[in-house]
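Descriptive structure summary
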Amino acid sequence: MSSLVSVNNLTFSPQGALEPALDDVSLSLPKGSRTLLIGANGAGKSTLLQILAGKKLIKGADVTIKGLDVFYQFPEGVTFLGTEWAMNPVVRSDIVVSHFLDSVGGYRCKERRDLLLDLLDIDLDWHMHNISDGERRRVQLCMGLMAPWDVLLLDEVTVDLDVLVRHELLEFLKRDSEARGATIIYATHIFDGLNDFPTHIAHLRLGAFIQPPTPWNAGEEAQGRLYDTALRWLTEDRAHRRQLELDGRKTRGARRDTTGVPSDSETFYKKYDYSH
């Protein structure tokens, strides 16, 4: 099966970083696949999705969608939805949802727009600055999904949704993917109700694939297995990181003082502690 999304030997280091965010990452995904990216916070999932979305300049790696370079020849039909959208001051301004959706082309996709308005339970008379984060997220999803997409890149965008809306959204995405042969790559930390969603799962650890996208076999006999798999992988990731800390990597967590001498910051702030 030919590859729709292809990454070869991708290494990426943000400016000023001591270690790469992604280290020799390669993947190949077929048309119509739905891949879950699983990994701890900071594993590189968001960075990989942003690169696939053409948002970061890379050198010395081959990253293509539909055979086109994602930075220099970005292909049509690719949609990226991430959590940072809800913090944009534009979408927190006093604009009515109906006007907002029309301003981004909703009138051109009336059938899908109306389907999503019903599915996401959106009130067209909402004012964007007066609604909750979860309601604003629903508007974002309607905006991003109302035009048919060939490749959908999702970065934890269901985090603000209630269980019912999230369930119905995932069912819609699965049906849409199957009906149109569209491809989804989804980074998430919420695995409830996802067992039957992916065709592939992948495990990122500290910027490298421990398991590249691999076919996932779901079914009734496997209920709960995705959550258990993710929990096991993340437990192994933390044990691996802690071993690196024992070997000299910078440690996380509390700093145990064995000398009994207050730090300079403790000494300074105690002078201005008026809580007693």
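Residues numbered from 1 in each chain as written. Predicted model: local features only at pLDDT ≥ 70, side-chain atom pairs only at ≥ 80, totals over all residues. Heavy atoms only, no water.

The name an unreviewed UniProt entry gives the chain is P-loop containing nucleoside triphosphate hydrolase protein, with Thelephora terrestris as the organism.

We now examine the environment of Ala21. The residue Ala21 is located in the loop between strand E1 (3-12) and strand E2 (22-30) in this model. Along the primary structure Ala21 and Asp160 are separated by 139 residues, whereas in three dimensions their C-alpha atoms are 26 Å apart. Contact partners of Ala21, with chain neighbours within four places excluded, come to Phe12, Ser13, Pro14, Ala43, Gly44, Thr47 and Gly207. (Helix = DSSP H or I, 4+ residues; strand = E, 2+ residues; numbered from the N terminus. Contact = heavy atoms within 4.5 Å.)

Attention now moves to unusual backbone geometry. In this structure, Lys66 takes a positive phi of about 60° despite not being glycine. Relative to the helices and strands, Lys66 resides in the loop between strand E4 (62-65) and strand E5 (68-69). Phi at Glu156 takes a positive value of approximately 55°, unusual for a residue other than glycine. With respect to the helices, strands and loops of the structure, Glu156 is situated in the loop between strand E7 (151-155) and helix H5 (163-180).

Before going further, it helps to examine helix H1 (residues 45-52). The element H1 is largely enclosed, with a buried count of six among its eight residues. Within H1 the residues assigned to the buried category are Lys45, Thr47, Leu48, Leu49, Ile51 and Leu52. (Buried < 20%, exposed > 50% of the residue type's maximum accessible area, 1.4 Å probe, protein only.)

Counting residues in each nonpolar core, the largest one holds 43 residues, and the members touching the most others are Leu120, Val139, Leu145 and Leu173. Residue assignment for this core shows that the elements contributing at least two residues are strand E3 (34-38), helix H2 (97-103), helix H3 (110-119), helix H4 (133-145), E7, H5, strand E8 (183-187) and helix H6 (225-246). Setting aside its immediate chain neighbours within four residues, Leu145 contacts Leu81, Arg112, Leu116, Leu152, Leu169, Phe172 and Leu173. Within the second largest apolar cluster, 31 residues are counted, among which are Leu4, Val5, Leu22 and Val25. (Core = buried A, V, L, I, M, F, W, Y, C linked by side-chain atoms within 4.5 Å.)

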